[in-house]
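# Overview (structure and organization)
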Amino acid sequence: MRYILRKVTLFIITLWAAITLNFILPRLMPGSPVDAALGKLASAGVPITNAEKAAVEAQLGAPHTSIFVQYADYLRNIATLRFGTSFSFPNQTVAETIGKALPWTVALVGTTTVFAFVVGTLLGVYAGWHRGKFGDSSVTVGATFFGAFPPFWLGLLLLYWLSFKYGWFPIKGGYSPGVTPNWSLSFLGDALDHSVLPGLTLAITTLSGWVFGMRNNMINTLGEDYVTFAEANGLRSRTVALLYAARNALLPNVTSFGLMLGAVVGGSVLVEGIYSYPGVGNLLYLAVTNHDYPLMQALLLVFTLSMLVAIFVVDLLYVRLDPRVRSTS
Amino acid sequence: MTVITSVPPPEGGLGGKASPQARGGPGGSSPQGWYSAVPGPLRFIGRALRTLWGNGKARAGLIILGIIVLAAIFAPLIAPHSPTATTFAPYKGPSATNWLGTTGNGQDVFSQLIYGSRISLIVGLCAGALATLVAVTIGLISGYRQGPVDEVLSFVTNLALVIPALPLMIILAAYLQGHSVWTIVLVVAFTSWATGARVIRSQTKTLRTREFVTSAVFSGERLFRIAFRDILPNMTSLVAASFLAAATAAVLAEASLEFLGLGNPSTVSWGTILYAAQQQNALLTGQWMMVFAPGLAIVLLMVSFVLINFGIDALSNPRLREK
Amino acid sequence: MKNLPNLRSVAACACAAALLAAGASACSSSTAGSSGSTSSAGGTLTIQGDTGNPTLVENFNPFTPSTELHGTYLIYAPLETVSTINGSYTPFLATGYKFTNPTTLVYTIRQGVRWSDGTAFTPADVVFTFNLLKKYPALDTNGVWSQISGVSASGNNVTFTFKAPDVPFAATIAQTPIVPEHIWSSIANPATYANTHPVGTGPYTLKSFAPTQYTLAKNPLYWDASKIAPTTVVFPAQATSQSTNQLEVSEGQFDWAYTYLPDVKATYVDRDPATNQYWFPPGGTIGLFLNLTQAPYNNVNFRQGISLALNRATIAQKAVNGYMSPASTTGIILPNEQKWLDPNLPGQGVVTQNRSAALAAFTRAGYTLRGGKLMGPNGQATMTITLPNSFTDWAAAATEISTELGQVGIKVSLDEPQYAQYSQTTQAGTFNAAIGGFGGTGIPYNDFDLALNSSYAAPVHTPTVNNFERYDNAGVNQALGKLAASTSPAAQQQATDKLETMMYNQVPIVLLYYGGSWGLFSTKHFTGWPSASDPYTLPTNYNYSLLTVVTRLVKA
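Residues numbered from 1 in each chain as written. Chains lettered and ligands numbered in written order. Predicted model: local features only at pLDDT ≥ 70, side-chain atom pairs only at ≥ 80, totals over all residues.

Attention now moves to the overall build of chain A. Looking only at helices and strands, chain A features 14 helices and 0 strands. In chain A, the succession of helices and strands from N to C terminus is α-α-α-α-α-α-α-α-α-α-α-α-α-α. The burial tally for chain A puts 52% of its 329 residues in the buried class. In chain A, of all internal contacts separated by at least 6 residues, the share reaching a separation of at least 24 is 74%. (Helix = DSSP H or I, 4+ residues; strand = E, 2+ residues; numbered from the N terminus. Buried ≥ 20, exposed ≤ 12 C-beta atoms within 10 Å, placed from the backbone. Contact = placed C-beta atoms within 7 Å.)

Rendered as structure tokens:
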């Protein structure tokens, strides 16, 4: 119980610190949202005038209050889950903007991560069980190679060859143009078709983490007394591999789930950009280039919060799964 | 610090759980014995390399890394042209003069690729070293000192872990002015030390209860001396592993930031070649080597780091050793 | 005009519908099924649309230029549109205008026009619109009320009273979108109004909106409806990734696209030589802006030296693939504004590289070349050029400039921050040298005024968007005043000539090469696109050129 209480306290303090950091970081960036908005016009070749700047300033309602007032507003907004209006989407609240994008990323990243976890773990079990043999080497070397692919590079190549050259997959977006998202079967199929390439890119580049983790754990577990004991007792080797070794080796891999989430989210910023996927990764890049503080803060909050919660849940789960943790803490 | 193989294994490699019997003692060699070996560092590196060479994967990694390092050092001799001179016809595919074609600005892609290895290596190694330095310092202190110091440092580490690195890097890169390679080194180091610190902390926690540490404490040695002189050498492989992991991450991060256009487009690096390829739409003009080659170079450099890390892992954890 | 950074704001579209149905197959036409084209009525026009972020946000508020969707220009007609090539007028809600004196402008309003909801359009709507801009300065993006002091209607005429003579400002007034009083008078906050059910006088009305594409349908109540060819106009959103957009353009998904394409003949024209055509006219001038508050840049001889030391042909070749030619240093964009060019200036005002003349000019400024270094009173001449890192053509130009200035002994370094920081530095006047854009309005007075009028030249650290190089020349101000006040073509030409000569001799900005306007057209469905032989406006599809072009199209 003390363990849980401690974890909860720590969770809250970390949350506060992360929230505060999210407030400070965007404001460190040089240049103002107004400059960024004008830059967008300038890059389209529109001649910029002082009058235009004044009007854009008025439209964005650029912050003139002191930084402390802004911070207080910011905390209050978080507490009430209102994040104000984004500069990029003046007609929507930030919550609406994120609400539209988040499901896409959750679906993409979620499916991809589960897929990579399952495949990677299985490959890891296989490699660990056949340690030192040809199968192990091919799996580890292959995973090393594919794991080193920069996601944006793989994304570019797949996009060019599979979409542009051969036309097997749509070239961009989360769904076909002119369609409004809905729950119809045809729309879901459409969305699935659009998510194949970004999903594949993310899965291939994150697979190796699971493979290595699982392989190492397998090898360690296979050396444990109880596994040796089971083998000595004449249990079939497949039973040993799956029932004893793999089950116990799985535990550490589950714990890294929380941390893996960060890597996948990071990768999704680049991959969503390449495939023009309508998710939060894309939105974050937009927020950064537009100096859109409200949107940036809310997005960073979503990212950190999801990681914090994932780690917290895993921590709590760990107590249930591994009694040793309870005693050592 | 001569005997790498006598180092106690980290807890199940990186992040795994240790089994009781895997935890050997410090191999009988007394901590004081290290100072007797005379040309210490050189002999140590030589020996470490020889030991790594014995591991098949690590050997492959060392060869790849060696080739890239040689290319970086002797770039002016290897590269047939200047990497920045815009003297060729733009948008050309591979030819006898331009082995990998030319950029939209009329630069030779092959020469850029050769020179680009310098930036990737500098960023990878420097950011890796810097991140490891921070990780070791924080990890050691936090692992050795219990109570408030540990609480605060672990808290900072956990905080750094939960803020997603890439978004943070994007913001920092936009903030830091100058846009030189060193900006990227700083940004990458700042965002990638936390994992290493966590691993080193937990290993320190294990080691500090060992007899040789206890005896050092009783003989009245000061905290930092114990931490850095007695505990750290027993984690050489772990530190090396964190370094390589951080370097791998740094190479990828550098390429990503450059690709997003957050670096300095005037420097020649693998990331900026890809950025230029994207900007000039090399795939549309059919110059696929301009996209393929720098990406593959990044992959190979990262693979070499990971392969060497396999060797280190295998050395430190006998169970992972190849049979 | 410049290449966008690869991951700039934007979103989704196009060939997907065709693609996923078949799982493969090509997709040349991207009508995407939603338009239901009926060929007899004129068919569907597909225009490469707005950039989604990553999806489009519905906003047809014509007073929010940074967030409105481009289709807004086809829904809300202005009094007249003004060609960005040469400043010529195309009448819409007005039939003409007249300056009764240099401070009084009278527009004659067209009769018999109706709003798309059936209500009659009246001069009162025009007066209402301008008073709306006065009431909500956030809407007044063109600074109308910084120039005019009043607006009133009588009969078919609307009269604008100016604070000071400003004849060329008629163009800005002409292109102000006119909104209906009976709807906008009851909108609480027009600055943030998304206007999802736009009612306008333009040739099109909003038919359907989806986050990745919107469709406009021909407005049957439009006053000149019989002349409008396309029955529907589809705007598929652009992708976040600029290179994806280029791939789609290359695939031939649009009747009209606006994007820079490398090697355009191979990547676009050759893919369908019968119908694919491009027109890349100059749309502005790219120049090296020197901070005139700093020595030695405040010395005209030094500036002439820099201008003479540069090889503009090479710079243009490196920057934009030779699509654009070296710029006339007069500030006149050639050939667009040929009629304004002073014929007495040598070589149409294009300065060619001349190293000995450059060194002579530097000597007059007190700088001599010694041992490969241009040495002056404070040692070697140095220059830091600031430019936004995402504009790759500027970066290529800056690299070439630094090479060429290095050859005359100036030590050049480049500073390439993100746009927001670039704009902060230039506006504050704390930069050393910067790459920037000059002109592009199609009206010489506006180009010269924004770049050179000392009334904009704020003290260093006080931001100003215009004249950020902080030029201050009484003669220029005087010529600008004359040009603003003259209504006769001869007087206008005289004042313009004076400004051109000033630009050529005084070098307030070292103009380099023209920035391109990247029009890509298909004549498969419609003809009548602007071209070199019929250059009636720039091929930009994100301002009132859109209205000018679409109303001139003819079914192929």
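Quick look at the overall build of chain B now. The number of helices and strands found in chain B is 13 helices and 0 strands. Ordering the α and β elements of chain B from the N terminus gives α-α-α-α-α-α-α-α-α-α-α-α-α. Out of the 323 residues in chain B, the part that is buried amounts to 55%.

Our focus in this paragraph is helix H15 (residues 474–485) of chain C. Residues and elements named next belong to chain C. Helix length check: H15, at 12 residues, gives a terminal C-alpha distance of 17 Å against a target of 16 Å (1.5 Å per residue), a fit within 8%. Taken as a whole, H15 has its buried residues at Val-476, Ala-479, Leu-480, Leu-483 and Ala-484. Buried residues along H15 cover an arc of 140° about the axis, so they all sit on one side. Seen from the buried face of H15, the exposed residues on the opposite side, beyond 90 degrees, are Ala-474, Gly-475 and Gln-478. On its buried face, H15 is in contact with helix H14 (444–452) and helix H16 (489–506). (Expected span 1.5 Å × (residues − 1). Arc of directions from axis to C-beta.)

On to the interface of chain C and chain B. Many analyses report the size of an interface as the accessible area lost when the parts associate. Every contact between the two is made by 23 residues of chain C and, on the other side, 19 residues of chain B. Every element with two or more residues in the side of chain C that touches chain B is listed here: helix H7 (242–251) and helix H12 (392–407) of chain C. Across the side of chain C that touches chain B, the residue classes break down as 8 nonpolar, 12 polar and 3 charged. (Nonpolar A, V, L, I, M, F, W, Y, C, P; charged D, E, K, R; others polar.)

Here we take up unusual backbone geometry. Residue and element names in this part refer to chain C. Across the junction of Ala-295 and Pro-296, the peptide omega takes the value 0°, indicating a cis bond. Locating Pro-296 in the fold gives a position in the loop between strand S13 (282–290) and helix H9 (300–309). Across the junction of Leu-334 and Pro-335, the peptide omega takes the value 5°, indicating a cis bond. By secondary structure assignment, the location of Pro-335 is in the loop between helix H10 (312–320) and helix H11 (355–364).

A few words now on the sheet that holds strand S17 (residues 382–386) of chain C. Residue and element names in this part refer to chain C. One open sheet accounts for 5 strands, arranged S18-S17-S19-S13-S20; its pairing is mixed. A strand with exactly one partner marks an edge of an open sheet, and here the two such strands are strand S18 (411–415) and strand S20 (509–516). In this sheet, adjacent strand axes meet at a mean angle of 30° when their direction is disregarded. Pairing of S13 with strand S19 (residues 433–438) involves 6 bridges; the strand directions are antiparallel. (Pairing = 2+ DSSP bridges. Axes fitted to C-alpha atoms, helices over the stretch in contact; angles between N-to-C directions.)

Residues and elements named next belong to chain C. A sheet is described by the order of its strands in space; here 4 strands give the open sequence S4-S5-S7-S6, paired in antiparallel fashion. Because the sheet does not close on itself, it has two edges, and the strands there are strand S4 (94–101) and strand S6 (148–154). Across the sheet, the mean angle from the axis of one strand to that of its neighbour is 20°, orientation sign disregarded. As paired strands, S4 and strand S5 (residues 104–109) are joined by 6 bridges and run antiparallel to one another. Looking at the pairing, Lys-98 lines up with Val-106 of S5. Strands S5, S6 and strand S7 (157–162) of the sheet are contacted by helix H3 (residues 123–135), whose axis makes an angle of about 160° with S6.

In this section: the pairing of strand S21 (residues 519–522) of chain C. All names here are of chain C. Alternating residues of S21 divide into Gly-519 and Phe-521 and Leu-520 and Ser-522, and every residue in both groups is buried. Across 3 bridges, strand S11 (residues 256–258) lies against S21 in antiparallel orientation. Of the residues in S21, the one forming a bridge with Trp-256 is Phe-521.

All right, on to the environment of Gly220(B) then. Residues and elements named next belong to chain B. Among the structural elements, Gly-220 can be located in the loop between helix H9 (211–218) and helix H10 (223–231). Judged by the 6 C-beta atoms lying within 10 Å of it, Gly-220 falls in the exposed class. When the C-alpha positions of Gly-220 and Ala-72 are compared, they lie 48 Å apart, and in sequence the two are 148 residues distant.

Before going further, it helps to examine helix H7 (residues 151–165) of chain A. Residue and element names in this part refer to chain A. Between the first and last C-alpha of H7 there are 20 Å, a value that for 15 residues agrees with the 21 Å anticipated at 1.5 Å per step. In the structure, H7 departs most strongly from a straight axis at Leu-159, where the bend amounts to approximately 25°. Looking only at H7, the buried set comprises Pro-151, Phe-152, Trp-153, Leu-154, Gly-155, Leu-156, Leu-158, Leu-159, Tyr-160 and Ser-163. Two residues or fewer past H7, Gly-167 is found with a positive phi of approximately 65°. (Bend = angle between axes of the 7 residues up to and from the residue.)

In this section: the confidence of the model for chain A. Interpreting fine coordinate detail is not advised for predicted regions of low pLDDT. Confidence in the prediction of chain A, expressed as mean pLDDT, is 79, and 84% of residues score 70 or more. The lowest-confidence element of chain A is helix H14 (residues 323–328) of chain A, averaging 52 in pLDDT; the highest-confidence one is H7(A), averaging 89. (pLDDT = per-residue confidence, 0-100.)

Quick look at the environment of Ala95(A) now. Residues and elements named next belong to chain A. With respect to the helices, strands and loops of the structure, Ala-95 is situated in helix H5 (residues 94–129). You can call Ala-95 partly exposed: it has 16 C-beta atoms within 10 Å. Considered as a pair, Ala-95 and Gly-84 are 11 residues apart in the sequence and their alpha carbons are 8.0 Å apart. In contact with Ala-95, not counting residues within four places along its chain, are Leu-81, Arg-82 and Phe-83.

What follows is about the pairing of strand S10 (residues 232–236) of chain C. All names here are of chain C. Burial within S10 is extensive, with 5 of its 5 residues counted as buried. Where strand S9 (residues 213–218) meets S10, 5 bridges bridge the pair, whose relative direction is antiparallel. Note that in S10 the partner of Tyr-214 across the bridge is Phe-235.

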